[in-house]
Amino acid sequence: MKKILRVILLCSLFATTTFAQQQQQRQPLPAEQEIPLKYGADHLGKRHDAAMQKFRDNRLGAFIHWGLYAIPGGEWNGKVYNGAAEWLKSWAKVPADEWMKLMEQWNPEKFNAKTWAKMAKKMGVKYVKITTKHHEGFCLWPSKYSRYTVAQTPHKRDVLGEMVKAYNDEGIDVHFYFSVMDWSNPDYRYDIKSKEDEVAFARFLEFTDNQLKELATRYPTVKDFWFDGTWDASIKKNGWWTAHAERMLKEMLPGVTVNSRLRADDYGKRHFDSNGHLMGDYESGYERRLPHPVKDLKVTRWDWEAVMTVPENQWGYHKDWSISYVKTPLEVLERIVHAVSMGGNMVVNFGPQPDGDFRAEEKNLAEAIGKWMQRYGECIYGCDYAGWEKQSWGYFTRKDKQVYMVVFNPPYSQKLVVKTPKGTKITKAELPDGEEIGVIEIARNEYNVSMPRKQPTEPFVIRLQIEDAASAADKYRDALT
Ligand code: JFZ
């Protein structure tokens, strides 16, 4: 008997150590075991300053992918390419000088930044990310460091400047997308294999610094830089530059936020440094996909932002959307809620037409999302991960003492099951307009919330008022065993 007990004791000890070890592996290394890094994370943990809080509270954003690629719209020499339209130059192997002839056709006669800003406002987005320069190299601002800018087109206008002003006038924050990889610059290198590469790439990084400084100086209200095109070996071998670019922008623009995709550390490790710390201010790896709402809860430890296309994979304007599945407004909405329920932001992409107008599908989408946000936006803006167990009817979000149930799949039982964490009590359930909703406690930390009296015809929100019940008397007694 004693022997059996000893075996059990040993086994359970063994089990606890391995579990503890596993837990430790998923956390960053203890400080004394960390590798010294010159170009690792520039701060540890979430930022809590006002600018970062604003970034986080905004929650819903729009992406604008606009450039020369909008003109061919996925078609080159009579052939339609199914790949992302903004990559057409690469799919159709068009040389840079030939591609840049598209500048002669850049004349978006219907472009009106104020109309765009009104559309964004109506959609309920709190910020807009704009492609200042995509991989093709065409600049939406009159950069003095490049020959390929809006200023050298028949249209001539600084469309970026007009957008910044119009969005800001509507109270919408502007974020800049910037591709480091630049197909128009002969100094760009995919890798560094010779002295010549090194010299050319050093020139290229100086050019990039100049463009970044120019953007920060011309448009000082910019709130964020979202870097892209940073995956090549040339950048990974120059991690120092990514750390420098982050610091330079932060010195020029106090409070500015920078995405993790910019960064590489001393060893070329990207997004998370060699010690497991997130670089930049928020993780930007979720692209056209989202973390699993139960298995991937680790993402709630850092800030993150997902970006999403409406068709499967088109960012820039593509003339034929029938080549892939196009998400419905309800599907887009569910992804927005999904992201916020896990402490992330969601950015919905738009690819404006070459004439400066938006395609009908995008206008409809913006309107449908806006209508819902108008009614239920309180479960999105300023909300965060609630820490409550996921239920199959939908998602939880939280703001202070309010937990929002966002119901996408009401059950046949008409009872919405809610399980609260230990010590938390629901004191009231109501619709956003104040109509009270029945809620009964059916077991310890388990409730049935009723459906609204009027059967909803769209995803809806129930606001729960909560209380830490630590002080309240516990009416349930465990049986003595
Ligand atoms: C990049 C671009 O190449 C694309 O054209 C678009 O601008 C998009 C927003 O960003 O594409 C990527 C970049 C990174 C990943 C996927 C697509 N990624 O990390 O999964």
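Figured I'd write up the structure that's included with this text. (Residues numbered from 1 in each chain as written. Predicted model: local features only at pLDDT ≥ 70, side-chain atom pairs only at ≥ 80, totals over all residues. Heavy atoms only, no water.)

Things to note about the overall build of the chain
Phase 1: For the chain, the count of helices and strands is eleven helices and 16 strands.
Phase 2: Scaling as 2.2 N^0.38, a compact globule of 481 residues should have a C-alpha radius of gyration of about 23 Å, and the chain matches this with 26 Å.
Phase 3: Put simply, the chain has 481 residues, and 52% of those count as buried.
Phase 4: Expressed as a percentage of contacts within the chain between residues at least 6 apart in sequence, the contacts between residues at least 24 apart total 71%.
Phase 5: Counting only carbon and sulfur atoms, one obtains 53% of the accessible surface of the chain, whose full area is about 22,900 Å².
Phase 6: Of the charged side chains in the chain, 69 are positive and 64 negative; the average position of the first set lies 4 Å away from that of the second. (Helix = DSSP H or I, 4+ residues; strand = E, 2+ residues; numbered from the N terminus. Rg over C-alpha atoms; globule rule 2.2 N^0.38 Å. Buried < 20%, exposed > 50% of the residue type's maximum accessible area, 1.4 Å probe, protein only. Contact = heavy atoms within 4.5 Å. Areas by Shrake-Rupley, 256 points an atom, 1.4 Å probe, with all protein chains shown as cover. Lys, Arg positive; Asp, Glu negative; His and termini not counted. Charge placed at Lys NZ, Arg CZ, Asp CG, Glu CD.)

Regarding the sheet that holds strand S1 (residues 60-64)
Phase 1: Taken in spatial order, the seven strands of this open sheet run S7-S6-S5-S4-S1-S9-S8, and their pairing is parallel. Edge positions in the open sheet fall to strand S7 (257-258) and strand S8 (304-308), since each of these has one partner strand only.
Phase 2: Bridging between S8 and strand S9 (residues 344-350) involves five bridges; their strand directions are parallel. Bridged to Ala-306 within S9 is Met-346.
Phase 3: Taken strand by strand, helix H10 (residues 329-341) contacts S1, S8 and S9, and its axis lies near 155 degrees from that of S9. (Pairing = 2+ DSSP bridges. Axes fitted to C-alpha atoms, helices over the stretch in contact; angles between N-to-C directions.)

Notes on the sheet that holds strand S15 (residues 446-450)
Phase 1: Pairing is antiparallel across the open sheet formed by three strands, whose spatial order is S12-S15-S14. Edge strands, defined here as strands with exactly one partner in the open sheet, are strand S12 (415-419) and strand S14 (439-443). Neighbour-to-neighbour, the strand axes of this sheet turn through a mean angle of 30 degrees, independent of strand direction.
Phase 2: Inspection of the sheet shows S14 paired to S15 by four bridges, in the antiparallel sense. Counterpart to Val-439 in the pairing with S15 is Val-449.

Looking at the packing of aromatic side chains
Phase 1: Going through the model one piece at a time under the given rule, you end up with 31 aromatic pairs.
Phase 2: Consider the rings of Phe-201 and Phe-204, whose centres lie 5.7 Å apart with planes at 20 degrees: the pair is stacked. You can see Phe-201 and its partner Phe-204 sitting in helix H7 (residues 195-218), three residues apart, about one turn around the helix.
Phase 3: The exposure class assigned to Phe-204 is buried, which follows from its relative accessible area of 0%.
Phase 4: A ring pair is formed by Tyr-395 and Phe-408, whose centres lie 5.9 Å apart and whose planes are at 85 degrees; its orientation type is edge-to-face. With Tyr-395 in strand S10 (residues 394-399) and Phe-408 in the loop between strand S11 (402-407) and S12, this pair connects stretches of sequence that are 13 residues apart. (Phe/Tyr/Trp six-rings, centres within 6.5 Å; stacked < 30°, edge-to-face > 60°.)

Some details on the pattern of salt bridges
Between side chains of opposite charge, pairing is possible as soon as their charged atoms come close.
Phase 1: Applying the stated criterion across every chain, the model contains 34 salt bridges.
Phase 2: For Glu-75, the salt bridge is made with Lys-319, and the minimal N-O distance between the two is 3.1 Å. Of this pair, Glu-75 sits in strand S2 (residues 75-76) while Lys-319 sits in the loop between S8 and H10; the two residues are 244 residues apart in sequence, bridging distant segments of the chain.
Phase 3: A relative accessible area of 42% means that Lys-319 is categorised as partly exposed.
Phase 4: Between Asp-468 and Lys-401 there is a salt bridge; the shortest N-O distance is 3.1 Å. Of this pair, Asp-468 sits in strand S16 (residues 460-468) while Lys-401 sits in the loop between S10 and S11, and the two are 67 residues apart along the sequence.
Phase 5: The exposure class of Asp-468 is partly exposed, given its relative accessible area of 44%. (Salt bridge = Lys/Arg side-chain N within 4 Å of Asp/Glu carboxyl O.)

What to know about the site of the ligand
Phase 1: Around the ligand sit His-65, Glu-86, Trp-87, His-134, His-135, Tyr-177, Trp-226, Asp-228, Trp-231, Arg-261, Glu-287 and Trp-315, and those are all the residues in its vicinity.
Phase 2: Contact between the ligand and His-65: an oxygen atom at 2.7 Å from a side-chain N or O atom of the residue.
Phase 3: Within the side chain of His-134, one N or O atom sits 2.7 Å away from an oxygen atom of the ligand.
Phase 4: Surface burial for the ligand is 77%, taken as the share of its 450 Å² of free accessible area covered by protein chains.
Phase 5: Tallied by class, residues from the shell around the ligand come to five nonpolar, three polar and four charged. (Near = heavy atom within 4 Å. Polar contact = N/O pair within 3.5 Å; in protein donor to acceptor, adjacent residues only side chain to side chain. Nonpolar A, V, L, I, M, F, W, Y, C, P; charged D, E, K, R; others polar.)

With respect to the side chain of Arg-263
Phase 1: With respect to the helices, strands and loops of the structure, Arg-263 is situated in the loop between S7 and S8.
Phase 2: A residue is classified by how much of its surface remains accessible, and Arg-263, at 1% relative accessible area, is buried.
Phase 3: One polar contact links the side chain of Arg-263 to the main-chain carbonyl oxygen of Tyr-39, over a distance of 3.1 Å.
Phase 4: Excluding anything up to four places from it in sequence, Arg-263 contacts Tyr-39, Gly-40, Ala-41, Gly-239, Thr-242, Ala-243, Glu-246, Lys-269, Arg-270, His-271, Met-279 and Gly-280.

With respect to the side chain of His-134
Phase 1: Secondary-structure assignment places His-134 in the loop between strand S4 (127-133) and helix H6 (159-169).
Phase 2: Here the side chain of His-134 touches Tyr-177 through a polar contact of 3.1 Å, side chain to side chain.
Phase 3: Sequence-distant contacts of His-134, defined by excluding residues within four places in its chain, comprise His-65, Tyr-69, Glu-86, Tyr-177, Ser-179, Met-181 and Asp-228.

Description of helix H11 (residues 360-376)
Phase 1: Taking 1.5 Å per residue, 17 residues should reach 24 Å; H11 reaches 24 Å between its end C-alpha atoms and fits that length.
Phase 2: Of all the positions in H11, only Glu-362, Leu-365, Ala-366, Ile-369, Gly-370, Trp-372, Met-373 and Tyr-376 are classed as buried.
Phase 3: Looking at the buried positions of H11, the neighbouring elements they touch are S1, helix H5 (113-123), H10, S9, S11 and S16. (Expected span 1.5 Å × (residues − 1).)

Overview of the pairing of S8
Phase 1: Counted residue by residue, S8 has five buried out of five residues, so it is predominantly covered.
Phase 2: Across the two faces of S8 the burial is the same, with Trp-304, Ala-306 and Met-308 and Glu-305 and Val-307 all buried.

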